[in-house]
Amino acid sequence: MAKQITYRRVYEETSPQDGKRVLVDRVWPRGMRKADAHLDEWLRDVAPSSELRKWYGHEPARFTEFRRRYRAELRDAGHQQAAERLRDLASHDRLTLLTATQDVDHSQAAVLAEWLSAKR
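In the nomenclature of an unreviewed UniProt entry, the protein corresponds to DUF488 family protein from the organism Streptomyces malaysiensis subsp. samsunensis.

Given below as structure tokens:
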């Protein structure tokens, strides 16, 4: 699998250590020009469902339940192709998962990094 799977905000400067840069948000980050994001891919279909995202509301107290529900979503048909693509990317290169979320440690990017690392 990947040498390293990391996650951070899409607004941060790029780094030579990033490897493949993949945006994992369903909607494009506010104020970010596509050329400035320096993405290799945008896998919006791997993002949590709108229903789950709205329920969670980025409230840290709900993160444990969000993680459980999101990991279940990753197994459904609507997420499978994008999840497989992420696994493939992780198996060949360093991977940086990007999100616009301010609290990245309580984001889908953090859950995905954990999920991909467990799949090794």
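Caption draft 1: Structural view of the pattern of salt bridges. One pass over the full model with this rule turns up 12 salt bridges. One salt bridge connects Arg85 with Asp88, and the closest N-O pair in it is separated by 2.9 Å. In this pair, Arg85 and Asp88 are both assigned in helix H4 (residues 77-92), 3 residues apart and thus about one turn of the helix distant. Residue classification places Arg85 among the partly exposed residues on the basis of a relative accessible area of 32%. Given the relative accessible area of 34%, Asp88 is considered partly exposed. Bridged by salt links that share partners, the residues Arg8, Glu12, Asp18 and Arg21 form one connected network.

Caption draft 2: Fine view of the sheet that holds strand S3 (residues 41-42). The strand order across the open sheet formed by 4 strands is S1-S4-S2-S3, and the pairing between neighbours is parallel. Two strands lie at the open edges of the sheet, namely strand S1 (5-9) and S3, each paired on one side alone. Inspection of the sheet shows strand S2 (residues 20-23) paired to S3 by 2 bridges, in the parallel sense. When the sheet's bridge partners are listed, Leu23 is paired in S3 with Trp42. Here H4 sits on the sheet in contact with S1, S2, S3 and strand S4 (95-99), set at roughly 140° to S4. Each of S1 and S4 touches helix H5 (residues 108-118); the most contacted strand, S4, lies at about 155° to it.

Caption draft 3: Helix H3 (residues 63-73), seen in detail. Of all the residues in H3, the buried ones are Phe63, Phe66, Tyr70 and Glu73. The arc that holds the buried residues of H3, viewed along the axis, is 75°, so those residues lie on one side. Those residues of H3 that are exposed and angled more than 90 degrees off the buried face are Thr64 and Arg68. Of the surrounding secondary structure, the elements contacted by the buried residues of H3 are helix H2 (50-56), H4 and H5.

Caption draft 4: Expanded view of unusual backbone geometry. Even without being glycine, His38 reaches a positive phi, approximately 50°. Its place among the elements puts His38 in the loop between helix H1 (34-37) and S3. A positive phi angle, close to 55°, is found at His58, a residue other than glycine. As for its placement among the helices and strands, His58 is situated in the loop between H2 and H3. Classification of His58 by relative accessible area gives partly exposed; the value is 39%.

So, how was this worked out
Think of each chain on its own: its residues are numbered from 1, step by step along the sequence as written. In view of the model being predicted, local features appear only for residues whose pLDDT reaches at least 70, and side-chain atom pairs are presented and counted only at 80 or more, with totals across whole chains, interfaces and linings using the full set of residues. With hydrogens and water stripped out, all remaining heavy atoms of the structure feed into the side-chain values. Salt bridge criterion: a side-chain nitrogen from Lys or Arg within 4 Å of a carboxyl oxygen from Asp or Glu. In this description a helix means any DSSP run of H or I spanning at least four residues, a strand means any run of E spanning at least two, and both kinds are numbered starting from the N terminus. Buried means the residue's accessible area, taken with a 1.4 Å probe over protein chains only, is under 20% of the maximum for its type, while exposed means over 50%, and partly exposed covers the values in between. Paired strands are those between which DSSP finds at least two bridges. The contact definition used throughout considers only heavy atoms, calling two residues in contact when any of these lie within 4.5 Å. What counts as an axis is a line fitted to C-alpha atoms, over the stretch in contact for a helix, and the angles between N-to-C directions run from 0 to 180 degrees. The arc refers to the directions leading from the helix axis to the C-beta atoms.

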